[in-house]
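This is what each chain is made of:
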Amino acid sequence: MNLKSAKRAGVVLGAVALGATVLGAPAQADPTAPRPVVAVGSDTTQYVMNGLSSAGSLIGSYDAIGSATIDTRAAVGVCDTVTRPNGSSAGINALNADIADPAVNCIDAARSSRGPNNTSTSDLTWYRFAKDAVTVAVRNDSGLLFHTFTKAELQSIYKCETTVVDGITVNPLIPQAGSGTRTYWAAEMGINATTLPSCVKDTNGGSAVQEHDGGALVNEGDIMPYSIAQYIAQGNGLPGVPDRREAAELLSVDGQDAVVGGVFNSAFPIQREVYNVVETARTGEANIIGAFVGAGSEACDSTVIQQYGFGTLSNCGTVAFTGES
């Protein structure tokens, strides 16, 4: 076993040990029956929200990928064939579309790994949920595996200024359009998430780069952002959480390892908060409060949050932003 393989094994074992002590009901990919508060959107937080859905009674969390449509309400009608939103922006857009049509009441919340892009109104409210960190991943058989990257060097790669590292031509990848991780990573790298630099691709080998899916790493020079919490959760062995890491290995940045002691490194230099987004006009409703508002809400269950690889926030359930989209 090489150094990196041993490191991965340590991450998995640490996560499994944690999961074995706190796991309750297995997380469902989609709810087996509709719940009062329907949440869609971010791939980053789908598994932890699925875990919270299984542990509680209010939140019904639907995966970012799967069948083309979802059925979100018990009654037969317009909510039987809701298009499945893939990513933070898709979830927020779906929530906005639901709000705009008074005849529709299919979606109550959007999972989001980004803050608002548009603050021209206060129609939506972002509630703080958990802490994540993002690093880069490469293939475990790549010569890039043992390179010590700095954030400045990664920025140079994603700006197409650095094209060769240790004799290897690098191929910087970024997740699909609409991904909150795409928006976040682009901001951290100093590039435009919509108009990508010429060397940055959101497809590889003819396939879209789905966030936090190691299958996107095909060639030695491929490099992509990857949620550290997602990486831990995927190696946790939890029911309902597929291991999508494949050949992906996380790299350190600025001398900080992504994972320490089986949990993400709180000193890692690239960190973010993740959120749950609801219609501002509904923030006083009992189900919304029970699901997302305050430390005692279903979404702020610290045991489940940590089980799925995320860090807890002392101000979980408080308002981070208001905005339009």
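The rules behind these values
- Residues numbered from 1 in each chain as written.
- Predicted model: local features only at pLDDT ≥ 70, side-chain atom pairs only at ≥ 80, totals over all residues.
- Heavy atoms only, no water.
- Phe/Tyr/Trp six-rings, centres within 6.5 Å; stacked < 30°, edge-to-face > 60°.
- Helix = DSSP H or I, 4+ residues; strand = E, 2+ residues; numbered from the N terminus.
- Buried < 20%, exposed > 50% of the residue type's maximum accessible area, 1.4 Å probe, protein only.
- Lys NZ or Arg CZ within 6 Å of the ring centre and 35° of its normal.
- Disulfide = S-S within 2.5 Å.
- Polar contact = N/O pair within 3.5 Å; in protein donor to acceptor, adjacent residues only side chain to side chain.
- Contact = heavy atoms within 4.5 Å.

S.K.: Sorry, what's going on with the packing of aromatic side chains here?
M.R.: Aromatic ring pairs: the centre-centre distance and the angle between the two ring planes describe each pair. Counted according to the given criterion, the structure contains three aromatic pairs. Note on Tyr158 and Trp185: the rings are 5.9 Å apart at their centroids and 80 degrees apart in plane angle, and the pair reads as edge-to-face. Taken together, the residues span a long stretch of sequence, with Tyr158 in helix α4 (residues 151-158) and Trp185 in helix α5 (residues 180-189) at a distance of 27 residues. On the accessibility criterion, Trp185 (0% relative accessible area) is buried. Just above the ring of Tyr184 sits the side chain of Arg272; from NZ or CZ to the centre is 5.2 Å.

S.K.: What's the story with the state of the cysteines in this structure? I'm lost.
M.R.: Structurally, a disulfide amounts to a covalent bond that connects the sulfur atoms of two cysteines. Here the structure, examined in full by the defined rule, presents three disulfides. Here Cys79 engages in a disulfide with Cys106; their sulfurs sit 2.0 Å apart. In this structure the cystine formed by Cys79 and Cys106 twists about its S-S bond by roughly -90 degrees; its chirality is therefore left-handed. Separated by 27 residues along the polypeptide, Cys79 in the loop between β3 (69-70) and β4 (82-83) and Cys106 in the loop between α3 (88-100) and β5 (109-112) bring together distant segments of the chain. Both residues of the pair, Cys79 and Cys106, count as buried. In this model Cys160 forms its disulfide with Cys199; the gap between the sulfur atoms is 2.1 Å. With the S-S bond torsion at -95 degrees, the cross-link from Cys160 to Cys199 turns out left-handed. One end of the pair, Cys160, is in the loop between α4 and β7 (164-165); the other, Cys199, is in the loop between α5 and β10 (203-204), and 39 residues separate them in sequence. When its relative accessible area of 21% is taken as the criterion, Cys160 is described as partly exposed. When the bonded cysteines of the protein are numbered from the N-terminus onward, they pair as 1-2, 3-4, 5-6.

S.K.: Looking at this structure, how should I read the side chain of Gln234?
M.R.: Here Gln234 lies in helix α6 (residues 228-234). Here His212 takes part through its backbone oxygen, which lies 3.0 Å from a polar atom of the side chain of Gln234. A polar contact of 3.2 Å, which involves the side chain of Gln234, links it to the backbone nitrogen of Arg245.

S.K.: Explanation requested: the side chain of Ser179 in the structure shown.
M.R.: With respect to the element layout, Ser179 can be found in the loop between β9 (171-172) and α5. Polar side-chain contacts of Ser179 include one of 3.2 Å to the side chain of Glu211. Residue contacts for Ser179: discarding those within four places in its chain leaves Ser88 and Glu211.

Function cannot be inferred from these measures alone, as they are strictly geometric.
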